[in-house]
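Each chain, letter by letter, is given below.
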Amino acid sequence: MSFRIHILAAALVLTAGSAAAQQRIATLDDTALAAQACNVCHGSQSYLSPTMPPIRGVDAATLYTALIELKTDKRPSTIMGRISRGYSDEQLKALADYLSKN
Amino acid sequence: MTSNISRRNVLAGLGATAGLLATPHIARAQASAGRVVVIGGGFGGATAARYVKLFSPETDVVLVERDATYVTCPFSNYVLGGFRDLSSITHRRDPLRQRYGVRLVRGEATAVDTNARSVKLKDGASLPYDRLVVAPGIELNYAGVPGWSEQAANTVMPHAWKAGPQTALLRRQLEAMADGGTVIIAPPANPFRCPPGPYERVSMIAWYLKNHKPKSKILVLDAKDAFSKQGLFMAGWESQYPGMVTWIAGKDGGKVESVDPRGMTVTAGFGKEKGAVINVIPPQTAGRIALDAGLAEQNGWCAVDPASFASRKAQNVYVLGDASIAGAMPKSGTAANSQAKVVAANIAASLRGAAAPAAVYHNTCYSLVTPEYGISVTDTYRPGPQGVAVVPNSGGVSPAQANAAQRKAEANYTMGWYAGIIADTFG
């Protein structure tokens, strides 16, 4: 439930800032590259998905908890359980941190 | 030196390309930032162009593409199903120029000089590069099915494996056929573009027939003995379209040996069948320019370094998407989009003399069994000694047992995936 509220808040922030397209990915490291995979479904700074929850700018702890719960099937999902099992907990933590700030 | 792609040459060779005139400041990119030429503006090429600009805005990026617009193969099966139209899956590339400064050059690449690092276009213009991305998609092998031809494809036996007029032709044939006819679909052996595509097509044609011509049948004559998401598709056909679909494996005589476009018949191992509509999906190779540039192996596909998608055949050249040999990754739009991000990161890093980040790849392929019944396969990949490999104990297909709400959720996400990948690819 609190996750829902967080993502709604994030959606509002993103909507407000979505007029200008994302122009630059400032960092070029393992996590920044891996995180770009999420854009396809979840959108980016410049695009909000009609069906998938936004994840950019969401609190890092909230995102990390969600990813771990998805990975362990504690939280039901269609494909995110399958996807999150492709990453170590440390990698998911780094992704959550990156997505919260970028 | 390379900054001499010379606006002059391009302007002389290509005529007054609108994008070039609109963005003169981009044409004056610093030589130190490098020039990247991308051949092909599909999911792979367009994503590569956009992400090179995102990782390295100062790099001059030129995207060479033959066609004015892009009609996506993903969702073209829904045109056949009758609930999307072609215009809704036709996209322009202008945002790549307007928002990111990619230079769009309309033309056909006909040769690559990998020593001189230059791409030749059909009209005679040449485009020098520091790094080249080759993303030409596929070439259809019209000679791969005896009796079939490009002319047959354009008149009576469409492939519809490149979306656009071929999709419209197959749709018209479905609309014109009488109730009670047989639709024959003949998928090729591996590897080919979009492994689940023929079977989603079966589903979408079944959806149309069930609602409009319910006495009709679908016969799938397959060169293969197994196919992507097979259990999920076959269970879906059984529950949603009982008795309508017959799939014959290659080992059971399903492999098509020849077709007769005049008589509208297909001869397979088990005998001859007449079809009211016949959809031949032929064998394929990497797109023509990849073959002509000497980037392909004997088998017609391009070997690459699994850590970067750098060509095994030429320096400073990357081949991605359907044209590449991508190990465990399928030839899909999402796979091409993912490979393009790794390629863009490698190019951006190499142009600034830095080490590239570690490659990780992703693929998700959604398929619809009905408009409200979606299934998926998704995987995460990393480079391995045998090529790109699935990360162990991850990924896989939708569960065999799922309720209607779960299938509906995946159908809903199918729509979200499409909107998202279009935005991520074309800006």
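Residues numbered from 1 in each chain as written. Chains lettered and ligands numbered in written order. Predicted model: local features only at pLDDT ≥ 70, side-chain atom pairs only at ≥ 80, totals over all residues.

Peer 1: Explanation requested: the domain arrangement of chain B in the structure shown.
Peer 2: Interfaces are often described in size by the accessible area the parts lose on coming together. Residue and element names in this part refer to chain B. For chain B, the assigned domains are domain 1 (5–66 + 107–139 + 284–426) and domain 2 (176–280). Facing 18 residues of domain 1, the contacting portion of domain 2 comprises 18 residues. Among the secondary structure elements, those contributing two or more residues to the side of domain 1 that touches domain 2 are β22 (361–370) and β23 (373–384). Partitioning the side of domain 1 that touches domain 2 into residue classes produces eleven nonpolar, five polar and two charged. (Domains from an automatic or database assignment. Contact = placed C-beta atoms within 7 Å. Helix = DSSP H or I, 4+ residues; strand = E, 2+ residues; numbered from the N terminus. Nonpolar A, V, L, I, M, F, W, Y, C, P; charged D, E, K, R; others polar.)

Peer 1: For this particular structure, what's the right way to read the environment of C41(A)?
Peer 2: Among the secondary structure elements, C41(A) is positioned in helix α3 (residues 39–42). Look past the residues within four positions of C41(A) in its chain and what remains in contact with it is S49(A), M52(A), G416(B), W417(B) and G420(B).

Peer 1: Can you walk me through the interface of chain B and chain A in this structure?
Peer 2: Opposite the 39 residues of chain B that make contact, chain A presents 29 residues. Ranked by residues supplied to the side of chain B that touches chain A, first place goes to helix α13 (residues 404–426) of chain B with 13 residues. Class assignment for the residues of the side of chain B that touches chain A results in 18 nonpolar, 17 polar and four charged.

Peer 1: Explanation requested: the sheet that holds strand β6 (residues 109–113) of chain B in the structure shown.
Peer 2: Backbone hydrogen bonds are what pair the strands of a sheet, in a parallel or an antiparallel way. Residues and elements named next belong to chain B. The strand order across the open sheet formed by three strands is β6-β7-β8, and the pairing between neighbours is antiparallel. Across the chains shown, the open sheet's two edge strands, defined by having one partner strand only, are β6 and β8 (126–128). Ignoring which end each strand starts from, the neighbouring axes of this sheet average 20 degrees apart. As judged from the three bridges shared by strand β7 (residues 118–121) and β8, these two strands associate in the antiparallel manner. Each residue of the ladder has a partner; that of K120, found in β8, is S126. (Pairing = 2+ DSSP bridges. Axes fitted to C-alpha atoms, helices over the stretch in contact; angles between N-to-C directions.)

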